[in-house]
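If you want the building blocks of each chain, they are given just below.
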Amino acid sequence: MEIIAIVVIAVSVLVLLLVIAIEQLKKNSKRKKLLKYFQEAYLRILKVDALDRAIVSPNDTIASSTGPRKILVQVHEKSELSDKTYLLDMEQPWVIGRKPGKNTICIRGDKTVSSVHCRLEVQNERLYLVDMGSKNRTYYQPARGKKNRAGYLPQKSYQLLTSGDAFYVGYTGFEVVIFDSNYGIV
């Protein structure tokens, strides 16, 4: 009888230790998720801080003393499925399309979007929208007051973008605001 009681107590202790270990793993998992959330929030704060520093007047001496010119782009995505704002550091092109893993901005659930539809890139300190040969093309709408006409971009063509311009990839619209460290909003 004593041996059975000892075995039952030992098994109970092991089960209790196992339950405690499982709870610790759950807490660690929650901690990891929380840590990831705060890291992402910290990166957003850094980007907003970078934008705040980028929005300066051309006469401000801070702009000329900060070193190389920096261009940041805010792209606001608006569709029935999502309403997101991206802050893009334009040191590398940003690709927009439907296929995950190949695009910086992935638009899911829209069959009119090509797997790799278009990209945003900076050349000679200017922002361009480039159609990547998409089947349904990329629609460009200039800001009010610009002389450019709205319309579909020819495949593989480049379109200069400025603040206030919009473009559409499938049914998803994007509005562009460009911040230049030397000139503010351009």
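Worth saying up front: this structure is predicted, and the values here are computed from it rather than measured.

Procedures and definitions
Residues numbered from 1 in each chain as written. Predicted model: local features only at pLDDT ≥ 70, side-chain atom pairs only at ≥ 80, totals over all residues. Heavy atoms only, no water. Helix = DSSP H or I, 4+ residues; strand = E, 2+ residues; numbered from the N terminus. Buried < 20%, exposed > 50% of the residue type's maximum accessible area, 1.4 Å probe, protein only. Contact = heavy atoms within 4.5 Å. Areas by Shrake-Rupley, 256 points an atom, 1.4 Å probe, with all protein chains shown as cover. Phe/Tyr/Trp six-rings, centres within 6.5 Å; stacked < 30°, edge-to-face > 60°. Pairing = 2+ DSSP bridges. Core = buried A, V, L, I, M, F, W, Y, C linked by side-chain atoms within 4.5 Å.

What follows is about the overall build of the protein chain. A count of helical and extended segments in the protein chain gives two helices and twelve strands. When the helices and strands of the protein chain are placed in sequence order, the string is α-α-β-β-β-β-β-β-β-β-β-β-β-β. When the 186 residues of the protein chain are sorted by exposure, 31% land in the buried category. The long-range fraction of contacts in the protein chain, counting pairs at least 24 apart against all pairs at least 6 apart in sequence, stands at 45%. Carbon and sulfur atoms make up 58% of the accessible area of the protein chain, which amounts to about 12,800 Å² in all.

Scanning the model with the defined rule gives four aromatic pairs in all. With a centroid separation of 6.0 Å and 55° between ring planes, the pair formed by Tyr 139 and Tyr 168 is classed as tilted. Of this pair, Tyr 139 sits in strand β7 (residues 138-141) while Tyr 168 is found in strand β10 (residues 166-169), placing the two residues 29 residues apart along the sequence. Its relative accessible area of 26% is what places Tyr 139 among the partly exposed residues.

Here we take up the pairing of strand β5 (residues 118-123). Inspection of the sheet shows strand β3 (residues 94-97) paired to β5 by three bridges, in the antiparallel sense. Across the sheet, the residue bridging to Trp 94 is Leu 120, located in β5. Where β5 and strand β6 (residues 126-131) come together, six bridges link them in antiparallel fashion. By the bridge assignment, Leu 120 is partnered in β6 with Leu 129. Turn length for the β5-β6 hairpin, with the two strands adjacent in sequence and antiparallel, is two residues, and the turn residue Asn 124 shows positive phi of about 50°.

Time to look at the nonpolar core. Membership of the largest hydrophobic core comes to 20 residues, with the highest contact counts inside it found for Ile 96, Leu 120, Leu 129, Leu 161, Phe 167, Val 169 and Phe 174. Mapped onto this core, the elements with two or more residues apiece are β2 (83-89), β3, β5, β6, β10 and β11 (172-180). In terms of residues, this core owes the most to one element, β11, which gives three residues.

Across the chain, the bulk of peptide bonds are trans and the bulk of non-glycine residues have phi less than zero. Positive phi is not limited to glycine here, since Arg 137 has a value of about 60°. With respect to the element layout, Arg 137 can be found in the loop between β6 and β7. Positive phi values are uncommon outside glycine, yet Lys 156 reaches one of about 60°. Note on placement: Lys 156 falls in the loop between β8 (151-152) and β9 (158-161). What makes Lys 156 exposed here is its relative accessible area of 60%.

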